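Listed here are the chains, written in short residue letters.
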Amino acid sequence: MEIGSILVVGAGQMGSGIAQVSAQAECEVLLYDLTEERVQRALASISSHLARNVAKGRITEEQRAEILSRIHGVNSLRIAGGVDCVIEAVTEKLTIKAALFRELDAVYSEETVLATNTSSISVTELAAATQHPERVIGMHFMNPVPVLKLVELIRGLQTSAEVFEATKRLTERMGKLPVEVNDYPGFVSNRILMPMINEAIYTVYEGVASPEAVDQVMKLGMNHPMGPLELADLIGLDTCLAIMETLHVGFGDSKYRPCPLLRSYVHAGWLGRKSGRGFYRYETAVR
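Description of the structure in this document. The model shown is predicted, which means the values in this text are computed figures rather than measured ones.

Definitions and cut-offs
- Residues numbered from 1 in each chain as written.
- Predicted model: local features only at pLDDT ≥ 70, side-chain atom pairs only at ≥ 80, totals over all residues.
- Heavy atoms only, no water.
- Helix = DSSP H or I, 4+ residues; strand = E, 2+ residues; numbered from the N terminus.
- Rg over C-alpha atoms; globule rule 2.2 N^0.38 Å.
- Buried < 20%, exposed > 50% of the residue type's maximum accessible area, 1.4 Å probe, protein only.
- Areas by Shrake-Rupley, 256 points an atom, 1.4 Å probe, with all protein chains shown as cover.
- Lys, Arg positive; Asp, Glu negative; His and termini not counted.
- Charge placed at Lys NZ, Arg CZ, Asp CG, Glu CD.
- Salt bridge = Lys/Arg side-chain N within 4 Å of Asp/Glu carboxyl O.
- Axes fitted to C-alpha atoms, helices over the stretch in contact; angles between N-to-C directions.
- Parallel < 35°, antiparallel > 145°, perpendicular 65-115°, else oblique.
- Left-handed = near helix turned anticlockwise from the far one by under 90°.
- Contact = heavy atoms within 4.5 Å.
- Nonpolar A, V, L, I, M, F, W, Y, C, P; charged D, E, K, R; others polar.
- Pairing = 2+ DSSP bridges.
- Right-handed = clockwise from strand over helix to strand, strands pointing away.

### Details of the overall build of the protein chain
Moving on, step 1. The number of helices and strands found in the protein chain is 11 helices and eight strands.
Moving on, step 2. Since a compact globule built from 287 residues should have a radius of gyration of about 19 Å, the 19 Å found for the protein chain is in line with a globular shape.
Moving on, step 3. Counting only C-alpha atoms, the protein chain reaches 55 × 45 × 30 Å along its principal axes.
Moving on, step 4. A burial count over the protein chain gives 50% of its 287 residues as buried.
Moving on, step 5. Total accessible area on the protein chain is roughly 13600 Å²; 52% of this is exposed by carbon and sulfur atoms.
Moving on, step 6. Distance between charge centres in the protein chain, computed from 28 positive and 34 negative side chains, equals 5 Å.

### Notes on the pattern of salt bridges
Moving on, step 1. Scanning the model with the defined rule gives 12 salt bridges in all.
Moving on, step 2. Between Glu 92 and Lys 97 there is a salt bridge; the shortest N-O distance is 3.7 Å.
Moving on, step 3. Lys 97 gets classed as buried once you look at its relative accessible area, which sits at 1%.
Moving on, step 4. The structure contains a network of salt bridges with shared partners spanning Glu 88, Glu 92 and Lys 97.

### Regarding the packing of helix H10 (residues 237–251) against helix H11 (residues 260–268)
Moving on, step 1. With their axes 9 Å apart at the nearest point, H10 and H11 run at an angle of 135 degrees to one another. As the angle between them shows, H10 and H11 are arranged oblique. The chirality of how H10 crosses H11 is left-handed. Seen from H10, the contacting residues are Leu 237, Asp 238, Cys 240, Leu 241 and Glu 245; seen from H11, they are Leu 262, Arg 263, Tyr 265 and Val 266.
Moving on, step 2. Partitioned by chemical class, the residues of the contact of H10 with H11 number six nonpolar, no polar and three charged.

### Re the pairing of strand S8 (residues 177–181)
Moving on, step 1. Judged from the five bridges that link them, strand S7 (residues 150–155) and S8 form a sheet pairing that is parallel. By the bridge assignment for S8, Leu 150 is matched with Leu 177.
Moving on, step 2. The parallel pair S7 and S8, bridged by helix H6 (residues 161–173), forms a crossover whose chirality is right-handed.

In structure tokens form, the structure reads like this:
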């Protein structure tokens, strides 16, 4: 089993990054979202990112044009002739992802790999929404996708060895480092990262320090490239909350209880960079 064509579902920050690295791996890529506007915005973002790489001498203008020629926006999940793999990068909510997987399972043949970019939800539970759970696998990319090398590969309980190996080879073709982790809430990355971010939010909530002070301590004292609150704004506070809720429910442990301040910010629509305000203010929203 080799993967040569990919449908990316979700044209947000993660989906557009996944589409870009898939095209760079010489796959034919179809990019879908609920509206044409989102797809076109993602294509423009990919083009801009590649143009910066040309300016920095990382790729040639010819390579940029070739990569872009492999990415096509589509307005339906029903692709004539099908694809070898679908990678979903939609909202981090079980109900939304499970409904999507039921639809994909009905549309595509059982040979098509169904991969989820979930950052915390059980791959086994998502696979249970399908009639062919053996073809479902987790591919958790890091943000920003074109820059960071890690991809967590997560087998569901019934993921086949053939699907795992094909996905691993695809990940390596993308120039990424696949790391196999087991199917537990938050996997490895977010089981460690999100409680740290949540605790940083608690320090602000309890009046221990300002967001700026918290981030300075972690950058200058712990040598982190970004402070935890800056990182939370980049990830999206709604995504951080969804992951913390998954950890809290999944483990039933109070140490994963989301900070009330995090919940308040999300309810207020202060989601971070993508809304223009989170723990910091941003001149323009990034969607």
